[in-house]
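Inside the fold
These are the residues of each chain, in order.
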Amino acid sequence: MCINHLQQHITPSRKLCREGRVSLVCYLVTISLILLPSIPQIHYGAVPNVWGARMWGPALYFALICMVIRFVLRDIDYQVGIRSAFLGFVEAISILTICFAPEVWKQFGTYGLFMAFFHYSEFLTIAYCNPKSLTVDSFMLNHSWAYGMAAAASWIEFVLEVQLLPQFKDIYYLWLVGVLLCLFGEVVRKTAMVTASSSFTHLVQYEKADDHKLITHGIYAYSRHPSYVGWFWWSIGTQIILMNPVCIVAYTIISWKFFHDRIYCEEFSLLNFFRSDYKTYQQNVPTGLPFIKGFILE
């Protein structure tokens with residue numbers, strides 16, 4: 001995102017904005033209210049020993065939480081609160097899956113854990129670093145049609161292979177590599193967002209503001225596009241967790257092509273913004289993504 005490279009001469013506020021506080025309360029309360037009663041009920045056999053039946057309790061708790069949110073919050077607070085609660089619900093269900101589901105489904109719970117945290121932390125980080133650009137789209141739940149289709153494809157592949165090739169999903173030490181990749185990707189991306197601070201948004205800028213400058217410090221001293229680097233490896237890591245061979249290959253190719261084209265277009269604008277300064281930056285710092293050079297002026 002070209003905005004990642006621009007820093008406004010504004011002292012950023014480090015106080016979490018109202019929407020950020022609403023989201024944090026709804027997210028954490030939902031996780032707590034689902035896990036606290038569900039864990040002892042499942043552990044001590046208060047519900048039938050059928051995994052599908054064990055999900056009815058958490059689903060009911062979530063429905064009640066949504067009713068309370070609808071009654072308490074209005075307008076934008078409601079939109080933020082209901083999305084945060086949904087992600088908290090996914091987080092809680094993922095934890096229950098990891099703890100109590102049949103062995104073959106535990107990695108799907110791990111996948112869900114990373115997915116929910118990624119989307120929630122995108123919103124919370126923007127709420128902390130750049131609240132002026134914050135919207136409900138900052139959750140990135142409706143990122144694009146292609147993003148949704150890619151996620152659905154990975155779920156379908158996982159379920160089919162659980163039914164047809166369950167032994168393939170049991171290679172525990174391999175899908176732990178995916179966990180490490182997702183952790184790495186999250187840390188790199190969120191570090192990039194915090195470093196860019198009030199200059200980071202999820203929207204691409206095509207016009208340079210008068211008070212913008214080039215960011216080359218921190219993690220940007222090692223990669224010109226660290227938020228893309230983190231996202232690229234995180235996306236591949238999710239599929240390694242699921243042990244989806246088809247989607248591992250597909251996600252790698254499609255993600256690489258997406259970031260290749262995005263960086264090429266973005267750096268065209270950045271060179272127009274900063275001229276020789278950005279050209280020098282290009283010469284000294286790589287993009288951080290394999291075999292992607294960006295837009296290079298000859």
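Quick caveat: nothing in here was measured; it's all calculated off a predicted structure. (Residues numbered from 1 in each chain as written. Predicted model: local features only at pLDDT ≥ 70, side-chain atom pairs only at ≥ 80, totals over all residues. Heavy atoms only, no water.)

Comments concerning the pattern of salt bridges
Tallied over the full model, the rule gives 7 salt bridges. Between Glu122 and Lys190 there is a salt bridge; the shortest N-O distance is 2.9 Å. Note that Glu122 is positioned in helix 5 (residues 106-129) and Lys190 in helix 7 (residues 172-196), a separation of 68 residues in sequence. Residue class for Lys190 comes out buried when judged on its relative accessible area of 12%. Among the ionic pairs, Asp261 bridges to Lys257, the shortest N-O distance being 2.5 Å. Here the residue Asp261 and the residue Lys257 both occupy positions in helix 9 (residues 245-274), the gap between them amounting to 4 residues, near one helical turn. Using a relative accessible area of 44% as the deciding quantity, one classes Lys257 as partly exposed. Three or more residues joined by partner-sharing salt bridges are found here, namely Glu122, Glu186, Arg189 and Lys190. (Salt bridge = Lys/Arg side-chain N within 4 Å of Asp/Glu carboxyl O. Helix = DSSP H or I, 4+ residues; strand = E, 2+ residues; numbered from the N terminus. Buried < 20%, exposed > 50% of the residue type's maximum accessible area, 1.4 Å probe, protein only.)

A look at the nonpolar core
In terms of nonpolar packing, the biggest core is built from 78 residues, with Ile34, Ile69, Trp234 and Leu289 touching the most fellow members. Sequence-distant contacts of Trp234, that is, excluding residues within four places in its chain, are made with Phe114, Met115, Phe118, Tyr147, Leu181, Cys182, Gly185 and Glu186. (Core = buried A, V, L, I, M, F, W, Y, C linked by side-chain atoms within 4.5 Å. Contact = heavy atoms within 4.5 Å.)

Points about the packing of aromatic side chains
Applying the stated criterion across every chain, the model contains 18 aromatic pairs. With a centroid separation of 4.4 Å and an interplanar angle of 15°, the aromatic rings of Phe62 and Phe89 are classed as stacked. Residue Phe62 is located in helix 3 (residues 56-72), and its partner Phe89 is located in helix 4 (residues 75-100); the two are separated by 27 residues in the primary sequence. For Phe89, a relative accessible area of 16% gives the class buried. Centroid distance Tyr228 to Phe259: 5.1 Å. Interplanar angle 35°. Geometry classified as tilted. Of this pair, Tyr228 sits in helix 8 (residues 226-242) while Phe259 sits in helix 9; the two residues are 31 residues apart in sequence, bridging distant segments of the chain. The two residues Tyr228 and Phe259 agree in class, both being buried. Among the aromatic residues, ring-to-ring pairing joins Phe118, Tyr228, Trp231, Phe232, Trp233, Trp234, Phe258 and Phe259 into one connected group. Its guanidinium or amino end placed over the ring of Tyr78, Arg70 lies 3.9 Å from that ring's centre, counting from NZ or CZ. (Phe/Tyr/Trp six-rings, centres within 6.5 Å; stacked < 30°, edge-to-face > 60°. Lys NZ or Arg CZ within 6 Å of the ring centre and 35° of its normal.)

Here we look at the confidence of the model for the chain
Scored by pLDDT, the chain has a mean of 89; 90% of the residues are at 70 or more. Counting contacts from residues 1-13, a segment whose pLDDT is below 50, to residues more than four positions away or on other chains yields 58 contacts. (pLDDT = per-residue confidence, 0-100.)

A look at the environment of Glu122
Residue classification places Glu122 among the buried positions, given a relative accessible area of 0%. Linking Glu122 and Ile292, residues 170 residues apart in sequence, is a C-alpha distance of 25 Å. Once residues within four sequence positions are removed from consideration, Glu122 is found in contact with Ser138, Met140, Arg189, Lys190, Met193 and His202. Reaching out from Glu122, the side chain makes a polar contact with the side chain of Lys190 at a distance of 2.9 Å. (Polar contact = N/O pair within 3.5 Å; in protein donor to acceptor, adjacent residues only side chain to side chain.)

Points about the environment of Glu186
Examined against the element boundaries, Glu186 turns out to sit in helix 7. As a C-alpha pair, Glu186 and Trp233 span 47 residues in sequence and 8.9 Å in three-dimensional space. When sequence neighbours within four positions are dropped, the list of residues in contact with Glu186 reads Phe114, Phe117, Phe118, Ser121 and Trp234.

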